[in-house]
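Summary of the model geometry
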Amino acid sequence: MMQNKLTSLFSKWGTGLLLLKKSYPAILVWPAICVVIIISIWMYTSAQLAQEKKQAHEDALKDAAALSRSYAQFLNRSIEQIDQISMHVKYDWENSDKKFSLEKLRAQGMFTASQFAVLAIINSSGKPITSTVQIDNWRDTTLQTQFNFHKNNISSELQISLPPIVNTSGNPVIHFTRRLDNMDDSFAGMVVISISPSYFSSFYDFQSLGLNGFLAIIGDNGKIGASRIGDKIPFGLTQAVKRELELKSLEGTRLFENGEIFIDEESRFLGWQKLESYPFLAVVGLSVTEQMASHFAIFDRYSSSAIEATIFVLLFGIIATIMATRLAWRNHEARVVSDTYRLATEGTDEGFYILNGIMDRKGNFVDYQIADCNVRGANFFGLGREDLIGMKISRLQGESYFSSLMEIYSKAMATGFYEDESKLPENSPLNMVWARRRLARSGLGLAVTIKDISAKKEAEEQLSALANQDSLTGLNNRNWFLTYLPKAIERAKLEQCRLALLFIDLDGFKNVNDTQGHAAGDQLLKSVASKLQSVLRPTDNVVRLGGDEFVVLLEPVVGENKPAKVAERITEAFRQPLWLGGQKHLIGASIGISLYPDDGADTETLLKNADIAMYSVKASGKGHFNFYKPELYAKIKSRFELEQSLVQALELDQFVLHYQPRVNTNSGRFTSMEALLRWIHPSKGIIPPSEFIPIAEDTGLILKLGEMVMEKACRQISEWRSLGLRPIPVSINVSAKQFHAGGLQKKLIQYLEKYDIPPSLIEVEITESAMMGEDGTIMAELAEIRSLGIQLLVDDFGTGYSSLSQLQRLDMDVLKIDRVFTNELTNSKEGGIFFKAIVSMAHALNMTVVAEGVETQEQLDILRELLCDEVQGFFVSRPVAPDLIPALIHKEFLFL
């Protein structure tokens, strides 16, 4: 291998010497040949060392250049995001009648990222009026410079405080500020976004930059704004350099040696790049020590193999090396210039044009001629490069568009620079919809770049649609509504007309969602959206606020008849069943209506009052509509207070269990009893379950209540057993939420073991609605409970949606027929027929039948004839306190 390398080396030198022979006298050729032969090994080593070092430096500089471009893109995107946020905040505040609240936005999850130290709005007096931190705890005197600038300059340009400063809280920050204007363009204050400097160094990657990499941002004044060296010097107040970097171009690379610049006295390869949209340079430095570490071993190996030569040979070798190096460097520079121009003009997605101005006799520019362009630029016009060069702009453009272009060119010539993003007219010759244009004056002409941003704008429009459209139903969403309604209110105010808000909440949706699954719930919401749109005009706005809540906005409104008629159409439509999975579901709509300006003059008040009106409908039977009235608030407040009392009642254990016996229909023998919950309120006395159970269901407190009933019942059974009483099973009611929450078997085992009672003394009552859902889930849950030896009862049968096939699959033990059917036994012949059919069905499934709500002897006699197994009701016994149960157990036969 060594022989091959030497052969290659001699070949190269031979070629070089042939070139020397043409340039120098022949007398010098032959001594040179001898010298080459004598020192060939040394020259080979020297050449390899030079090439390795040169290549290593080139690679490091290329890496630094690539990293600086990436860092510039990162900084540009980061500042653009902050710029956009400040513009949105400015727009929202200036168009919110100064009611814009950053506190609410932060509570909704916005501006919570760690880089946002503070986001605030300062009024014209310099006082914060809304902020993402508590205003009382936030004062920042470091903003005075930006405040004075915005106050004295009518400009919405973003101001950036570099280098970072220490704010009043003692934290290093970079302030981004933008002027706020009143309607008359007078100074209204400024938007402040304080960003932690560390955010702009999150680009730092140890794998790419090493342990001692360098990052810096340089302002348009040439001064370093912020810098960082690895983990030694963080991005903030302390600068990592001894003096300013002398970078005389907007992009480039350079090796800084001998510790002349950096605090740690490390030499570095530097690359820098100007940001696309802001007057800053992004600088990246790579440690020479780290970059060259792998090459030092190679250098040592080559150096150790070099041999000594004469002073003449050494001088000759040095001269030859210098000459070769200079030649190579000149060639390299020529290639770099060539490649840079090619990349700048052809390796980009932008069209590049050089325009020479054409002036009339008065010295005014009347047209421009294309002196040069790249291929991409010519393609934008659908022409070849050779065809486009030399053409006048007036020939390319229509008369009307040419006039507007000349205005833009005039601005660029007057100011030196112009940039915009524009949607092009249909008669534009450019093959694009949106274009970003940059124009820079160059002598008596312009350098123009055009970039096709049509795809970007289309993506932005799609993102806007996603932000304002409900992905499930396709309706407008809450974000759209909260933006649109203030504008609608302003229009109504100017036109002196009314508008109406219909707040719609679905009745029965949670039952479908809990029992049929979320997929069924989503399908139901889609059907609801279609139904709402079908009964409304195309001009009416339908919004899904979230969950099962919808809003209809009617504008303009004349009188109360229009919203009432619309509400009637909606409630009538919802009286028709919805088909879902082959089953009919009756889903109602409770509607609350508020009117502008009668019930509120802003979005929050109108929405709150419509919500209150809707809750009044829920409380009075659901399925209809109601207009807002001030007295409705008192009812909502009462319900809220009851919710709070219910939470406190659970904490203070204000609940007791009463027990209602269940007996054999023929003998009256005491066979079982049902545990019934009672709330003993300290000031209101006994609160019936009908008042607090629905609230517990809505708030989720039913899970805690259910577990409390389970433990109290097991504890009471244990106490009765300790008295030596005959064991009587106790049935406890389990709600749909408990059943579908899962883990019921584990809780039953927990309390059975805790109070040492056999499973046969506990029975579980489940309503029909709790059994609705996926069969596999229900059967598995019920099987786990039955495996303990606990009997399962179907409670209030006949009021739900269960079917014969479902009862057969679920393998229940007892069927409790609702009191409604018991009452019908003495009211109609059909009542007895229907009851008998239920009894026959249950017996066919080996289920015990219990009649609920038995209150008379006549009812009992009929139930005996219908072969009903057991009865429960006031005729047997009212629910009684635990201390009265022993007497009933001793009595045993309760008909006597």
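The text that follows walks through the structure, step by step, so that each part is easy to find.

1. Thoughts on the overall build of the protein
- Broken down by element type, the protein carries 29 helices and 33 strands.
- Taken across its 896 residues, the protein has 45% of its residues classed as buried.
- Taking contacts inside the protein between residues at least 6 apart in sequence as the whole, the part at least 24 apart equals 60%.
- Here the protein has roughly 46,000 Å² of accessible surface; of this, 54% comes from carbon and sulfur atoms.

2. Let's talk about empty space enclosed by the protein
- If you walk through the whole model with that rule in mind, you get three cavities of 30 Å³ or more.
- The computed volume of the largest cavity comes to approximately 150 Å³.
- Taken together, 14 residues line the largest cavity, and the ones lying closest to its centre are Phe381, Gln397, Tyr409, Val448 and Ile450.
- Only strand 12 (350–359), helix 12 (399–415), strand 15 (434–442) and strand 16 (445–452) provide two or more residues apiece to the lining of the largest cavity.
- The element that contributes the greatest number of residues to the lining of the largest cavity is helix 12, accounting for three residues.
- In terms of residue class, the lining of the largest cavity is built from 12 nonpolar, one polar and one charged.
- The element contributing the most residues to the lining of the second largest cavity is helix 21 (residues 702–722), with three residues.
- Of the residues contributing to the lining of the second largest cavity, the split by class is eight nonpolar, no polar and two charged.

3. Side note on the sheet that holds strand 12
- If you trace the five strands from one edge of the open sheet to the other, you get 13-12-16-15-14, paired in antiparallel fashion. Looking at the sheet topology across the chains shown, the edges are occupied by strand 13 (365–373) and strand 14 (417–423). Across the sheet, the axes of successive neighbouring strands diverge by a mean angle of 25°, strand direction being ignored.
- Of the pairings in the sheet, the one linking strand 12 to strand 16 comprises seven bridges and is antiparallel in character. Of the residues in strand 16, the one forming a bridge with asparagine 356 is glycine 445.
- Taken strand by strand, helix 12 contacts strand 12, strand 13, strand 14, strand 15 and strand 16, and its axis lies near 80° from that of strand 13.

4. Looking at a nonpolar patch on the surface
- A grouping of Val656, Ile680 and Ile686 is seen on the molecular surface, where their side chains present a nonpolar patch of about 230 Å² in accessible area.
- Take isoleucine 686: it is sitting in strand 27 (residues 685–687).

5. Topic: helix 12
- Between the first and last C-alpha of helix 12 there are 25 Å, a value that for 17 residues agrees with the 24 Å anticipated at 1.5 Å per step.
- By the burial criterion, the buried members of helix 12 are Tyr401, Phe402, Leu405, Met406, Ile408, Tyr409, Ala412 and Met413. Buried residues of helix 12, viewed axially, fall in a sector of 170°; they line one side. Those residues of helix 12 that are exposed and aimed more than 90 degrees away from the buried face are Ser400, Glu407, Ala414 and Thr415.
- Those residues of helix 12 that are buried lie in contact with strand 12, strand 13, helix 11 (393–396), strand 14, strand 15 and strand 16.
- Positive backbone phi, at 95°, marks glycine 416, one or two positions downstream of helix 12.

6. Section: the packing of aromatic side chains
- Evaluation of the coordinates by the stated rule reveals 15 aromatic pairs.
- Plain terms: the ring middles of tyrosine 353 and phenylalanine 381 are 6.0 Å apart, the flat faces sit at 85° to each other, and that makes the pair edge-to-face. Of this pair, tyrosine 353 sits in strand 12 while phenylalanine 381 sits in the loop between helix 9 (375–380) and helix 10 (385–388), and the two are 28 residues apart along the sequence.
- Every member of this aromatic cluster is reached through a ring pair, and the members are Tyr71, Phe74 and Tyr199.
- Between lysine 457 and the ring centre of tryptophan 434, over which it is positioned, the NZ or CZ distance is 4.8 Å.

7. Brief notes about the pattern of salt bridges
- Applying the stated criterion across every chain yields a total of 30 salt bridges.
- We note a salt bridge from aspartate 264 to arginine 268, for which the minimum N-O separation is 2.7 Å.
- A salt bridge links glutamate 421 to arginine 436; the shortest N-O distance between them is 2.9 Å. Placement of the pair is glutamate 421 in strand 14 and arginine 436 in strand 15, with a sequence separation of 15 residues.
- For arginine 436, a relative accessible area of 11% gives the class buried.

8. Overview of the packing of helix 15 (residues 509–516) against helix 16 (residues 518–534)
- At their nearest, the axes of helix 15 and helix 16 sit 6 Å apart, and the two run at 145° to each other. Residues Phe509, Val512, Asn513 and Gln516 of helix 15 touch helix 16, and the partners they reach there are His518, Ala520, Gly521, Leu524 and Leu525.
- Among the residues making up the contact of helix 15 with helix 16, the classes are represented as five nonpolar, four polar and no charged.

9. As for the side chain of serine 428
- With respect to the helices, strands and loops of the structure, serine 428 is situated in the loop between strand 14 and strand 15.
- A distance of 3.3 Å separates a polar side-chain atom of serine 428 from the backbone nitrogen of leucine 430.

10. A few points about the nonpolar core
- Formed by 77 residues in total, the largest nonpolar core has its most connected members in Phe655, Leu748 and Phe835.
- Residue contributions to this core peak at nine residues, all from helix 21.
- Those residues in contact with phenylalanine 655 that lie beyond four places of it in its chain are Leu646, Ala649, Leu650, Leu677, Arg678, Trp679, Phe692, Leu705, Met708 and Lys712.
- Of all hydrophobic cores here, the second largest spans 39 residues; its members include Val89, Leu158, Phe176 and Leu209.

11. Considerations on the environment of alanine 282
- Residue position: alanine 282 is located in strand 11 (residues 281–287).
- For alanine 282, a relative accessible area of 0% gives the class buried.
- The sequence separation of alanine 282 and glutamine 73 amounts to 209 residues, and the corresponding C-alpha distance is 8.9 Å.

12. What to know about the sheet that holds strand 19 (residues 541–546)
- As summarised here, the arrangement of the six strands in space is 17-19-20-18-23-24, forming an open sheet in which the pairing is mixed. What marks the edges here is a single partner per strand, and that holds for strand 17 (476–477) and strand 24 (625–627).
- Across three bridges, the pairing between strand 23 (residues 588–596) and strand 24 is parallel. Paired with isoleucine 593 across the two strands is phenylalanine 627, which belongs to strand 24.

13. Some details on helix 18 (residues 603–619)
- Relative to the 24 Å expected for 17 residues at 1.5 Å per residue, helix 18 spans 24 Å between its end C-alpha atoms, a close match to the ideal helical length.
- Three or more residues of helix 18 are buried, namely Thr603, Leu606, Leu607, Asn609, Ala610, Ile612, Ala613, Met614, Ser616 and Val617.
- A distance of 3.2 Å separates the backbone nitrogen of glutamate 604 from a side-chain oxygen at the start of helix 18, and that oxygen is part of aspartate 602.
- Positive backbone phi, approximately 120°, marks glycine 621, located one or two places after helix 18.

Thresholds, definitions, all that
- Residues numbered from 1 in each chain as written.
- Predicted model: local features only at pLDDT ≥ 70, side-chain atom pairs only at ≥ 80, totals over all residues.
- Heavy atoms only, no water.
- Helix = DSSP H or I, 4+ residues; strand = E, 2+ residues; numbered from the N terminus.
- Buried < 20%, exposed > 50% of the residue type's maximum accessible area, 1.4 Å probe, protein only.
- Contact = heavy atoms within 4.5 Å.
- Areas by Shrake-Rupley, 256 points an atom, 1.4 Å probe, with all protein chains shown as cover.
- 1 Å grid on protein atoms, 1.4 Å probe; cavity = no way out; pocket = protein on both sides within 12 Å on 5 of 7 lines; lining within 4 Å.
- Points joined across faces, edges and corners; volume = space filled by probe spheres on them.
- Nonpolar A, V, L, I, M, F, W, Y, C, P; charged D, E, K, R; others polar.
- Pairing = 2+ DSSP bridges.
- Axes fitted to C-alpha atoms, helices over the stretch in contact; angles between N-to-C directions.
- Patch = residues over 30% accessible without salt bridge, like charges linked within 9 Å, V, L, I, M, F, W, Y side chains within 5 Å.
- Salt bridge = Lys/Arg side-chain N within 4 Å of Asp/Glu carboxyl O.
- Expected span 1.5 Å × (residues − 1).
- Arc of directions from axis to C-beta.
- Phe/Tyr/Trp six-rings, centres within 6.5 Å; stacked < 30°, edge-to-face > 60°.
- Lys NZ or Arg CZ within 6 Å of the ring centre and 35° of its normal.
- Polar contact = N/O pair within 3.5 Å; in protein donor to acceptor, adjacent residues only side chain to side chain.
- Core = buried A, V, L, I, M, F, W, Y, C linked by side-chain atoms within 4.5 Å.

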